[in-house]
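Architecture and fold: a report
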Amino acid sequence: MSDIYQRKRDHIDLCNTGDVGPGDHRGLFEELWLVHDAMPELSMADLDTSTRLLDHPLKAPVMVTGMTGGPPEAGRINRGLARVCERLGLAFGVGSQRVITKAEASAGTFAVRDVAPDVVLFGNIGINQARDFGIDSVRALMDRIGADYLAVHLNPAMELVQPGADADSDFSRGYETIARLVDALDGRVLVKECGTGLSPRVVRRLHAAGVRAVDISGSGGTSWIKVEALRARGALADLGLLFADWGIPTAAATAMAAGVGPQIVASGGVGDGLTGGKALALGADVVGCARPVLQAFLDEERGGEEGAAAFLEQFIQGIRMVMALTGCRTPTALRAAPRVVGPRLAAWIEQGGRGGGGGER
Ligand SMILES: Cc1cc2nc3c(=O)[nH]c(=O)nc-3n(C[C@H](O)[C@H](O)[C@H](O)COP(=O)(O)O)c2cc1C
């Protein structure tokens, strides 16, 4: 139990202060410019940021994606952030609930319903655990925190550099597992990556399996390969550093998944409202943010719930500013906003969805 708690503590510490941010690009959002409208013909009071994620309304198209649970400090983070999301009308996800199966005492660190009775809440489990635990156990994990939905995370890149016995190396029977979960949970499933991105081929196959929402979680934000490389030693650490920038940039992944079918949460380096507005313009329904919110919460001078709330309010104000300066009254209208796309992002969008590669197509 102490090992798994230590891993969760390492994750929080490395994400708060370590060098685990973007490398050679910033999700390629730096290659998207929305064209300024000097005469937007609207009042800020006309803007409507409200939207829906799956079957639930949100006051703004923003989600704090799953991060933690396990040691007592994780409970403080989950409860604080859930309360802030409830206050602002945003969606909230807890981190992987796998730890509960190893340390029953950790269950309370995922319990947020008493402080956030109405927040749109996502439970969280890895795809391999979803495959191996069986549907009833997964449903029980979700039900015991009163989650509205289950986020199933995929992170094969991270698993391959993660030190320790918990690392997975068998990535088989994924789609079959998702289809069974979707069926058993009446479609209350979101499938997410963790910073290396979902390709349009994967999104298409998830859609065919009945998935109604995905979280792109592309590269350009927190690099989980870097996080695990910093925890690893020797050859494993070297391998992690070699692959530190691996993944589909978030802007490209979002654009390529737009219109495929499932609703899209765009996360991975979406750490401010300007980037959030760009993600919405590329076709995201909701934008997701993890590490920057955690850092705001853990800030020693001005953190806690007030710090996280101030960060998220500024984030939403940034989205509103993008909407106003492109003459868009709603987040959805941003999809038609005039834009300029740089060469690397354009190349990704044009070529990144083509066939090739291994596995069953
Ligand atoms: C401290 C921390 C812990 C995380 N743990 C989980 C997890 O347990 N399950 C999960 O699906 N994603 C987890 N993530 C990944 C995030 O949900 C997100 O996909 C990723 O960090 C990219 O977003 P960002 O660039 O805004 O951080 C974690 C992120 C952070 C910062």
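Quantities reported herein were computed from a predicted structural model and do not represent experimental measurements.

Right, let's get into the overall build of the protein chain. Counting its secondary structure elements, the protein chain contains 15 helices and twelve strands. For a compact globule of 361 residues, the expected C-alpha radius of gyration is about 21 Å, and the protein chain comes in at 19 Å, within 12% of that figure. Projecting the C-alpha coordinates of the protein chain onto the three principal axes gives extents of approximately 60 × 50 × 40 Å. By residue count, 50% of the 361 residues in the protein chain fall in the buried class. A separation threshold of at least 6 residues defines the contact pool for the protein chain, and within that pool the share at least 24 residues apart is 78%.

Let us look at the nonpolar core. Counting residues in each nonpolar core, the largest one holds 106 residues, and the members touching the most others are Cys 85, Leu 90, Val 214 and Val 293. The dominant element in this core, judged by the number of residues it contributes, is helix H14 (residues 304-325), at eight residues.

Quick look at the packing of helix H13 (residues 291-298) against H14 now. Two elements in contact, H13 and H14, have axes separated by 7 Å at closest approach and are oriented at 140°. As far as their axial angle goes, H14 and H13 are oblique. Considering how the two elements wind past one another, H13 and H14 form a crossing that is right-handed. Contact residues: Pro 292, Val 293, Ala 296 and Phe 297 in H13; Gly 304, Gly 307, Ala 308, Phe 311 and Leu 312 in H14. Tallied by class, the residues present in the contact of H13 with H14 amount to seven nonpolar, two polar and no charged.

Across the nine residues that make up helix H12 (residues 273-281), a large majority, eight, are buried. Taken together, the buried positions of H12 are occupied by Gly 273, Thr 275, Gly 276, Gly 277, Lys 278, Ala 279, Leu 280 and Ala 281. If you follow the buried residues of H12, they end up packed against strand S1 (32-34), helix H11 (250-257), strand S10 (263-266), strand S11 (286-289), H14 and strand S12 (339-341).

With that out of the way, let us pick up the packing of helix H9 (residues 224-231) against helix H10 (residues 234-242). Closest axis-to-axis distance for the H9/H10 pair is 8 Å, and the angle between their directions is 160°. Considering the angle they form, H9 stands roughly antiparallel to H10. Two packed elements cross with a definite hand, and for H9 against H10 that hand is left-handed. Across the interface between the two elements, Ile 225, Lys 226, Glu 228 and Ala 229 from H9 touch Ala 237, Gly 240 and Leu 241 from H10. A class-by-class count of the residues in the contact of H9 with H10 yields four nonpolar, one polar and two charged.

Below, the discussion takes up the environment of Gly 353. Along the chain, Gly 353 turns up in the segment after helix H15 (343-351). Overall, the presence of 18 C-beta atoms within 10 Å leaves Gly 353 in the partly exposed class. Ignoring any residue separated from it by four or fewer positions in sequence, one finds Gly 353 in contact with Pro 200 and Met 256.

The subject of this paragraph is the pairing of strand S7 (residues 149-153). Within S7, five of the five residues are buried, which leaves the element mostly enclosed by the surrounding structure. Going residue by residue along S7, you find Tyr 149, Ala 151 and His 153 tucked away on one face and Leu 150 and Val 152 tucked away on the opposite face as well. Bridge count between strand S6 (residues 120-126) and S7: five bridges; the pairing is parallel. By the bridge assignment for S7, Asn 124 is matched with Ala 151.

The sheet built from eight strands closes into a barrel, its strands ordered S4-S5-S6-S7-S8-S9-S10-S11 with parallel pairing. Strand after strand, the sheet turns through a mean of 25° between neighbouring axes, direction not considered.

Below, the discussion takes up the confidence of the model for the protein chain. Within the protein chain, residue pLDDT values average 95, and 97% of them lie at 70 or more. This model gives residues 357-361 a pLDDT under 50, and the stretch forms one contact once residues within four places in sequence are excluded.

Two faces belong to every sheet, and in a regular strand the side chains alternate between them. Of all the seven residues making up S6, seven are buried; the element is thus mostly covered by neighbouring parts of the structure. Burial along S6 is two-sided: Val 120, Phe 122, Asn 124 and Gly 126 and Leu 121, Gly 123 and Ile 125, pointing in opposite directions, are all buried. Sheet topology places strand S5 (residues 91-93) next to S6; three bridges connect them, and they run parallel. What sits directly across from Phe 92, in S6, is Leu 121.

Looking now at helix H2 (residues 72-88). With 17 residues, H2 should reach 24 Å at 1.5 Å per residue; the first-to-last C-alpha distance of 25 Å fits that figure. Buried within H2 are the following residues: Ala 74, Gly 75, Ile 77, Asn 78, Gly 80, Leu 81, Ala 82, Val 84, Cys 85 and Leu 88. Immediately beyond the C-terminal end of H2, within one or two residues, lies Gly 89, with a positive phi of roughly 75°.

Thresholds applied
- Residues numbered from 1 in each chain as written.
- Predicted model: local features only at pLDDT ≥ 70, side-chain atom pairs only at ≥ 80, totals over all residues.
- Helix = DSSP H or I, 4+ residues; strand = E, 2+ residues; numbered from the N terminus.
- Rg over C-alpha atoms; globule rule 2.2 N^0.38 Å.
- Buried ≥ 20, exposed ≤ 12 C-beta atoms within 10 Å, placed from the backbone.
- Contact = placed C-beta atoms within 7 Å.
- Core = buried A, V, L, I, M, F, W, Y, C linked by C-beta atoms within 7 Å.
- Axes fitted to C-alpha atoms, helices over the stretch in contact; angles between N-to-C directions.
- Parallel < 35°, antiparallel > 145°, perpendicular 65-115°, else oblique.
- Left-handed = near helix turned anticlockwise from the far one by under 90°.
- Nonpolar A, V, L, I, M, F, W, Y, C, P; charged D, E, K, R; others polar.
- Pairing = 2+ DSSP bridges.
- pLDDT = per-residue confidence, 0-100.
- Expected span 1.5 Å × (residues − 1).

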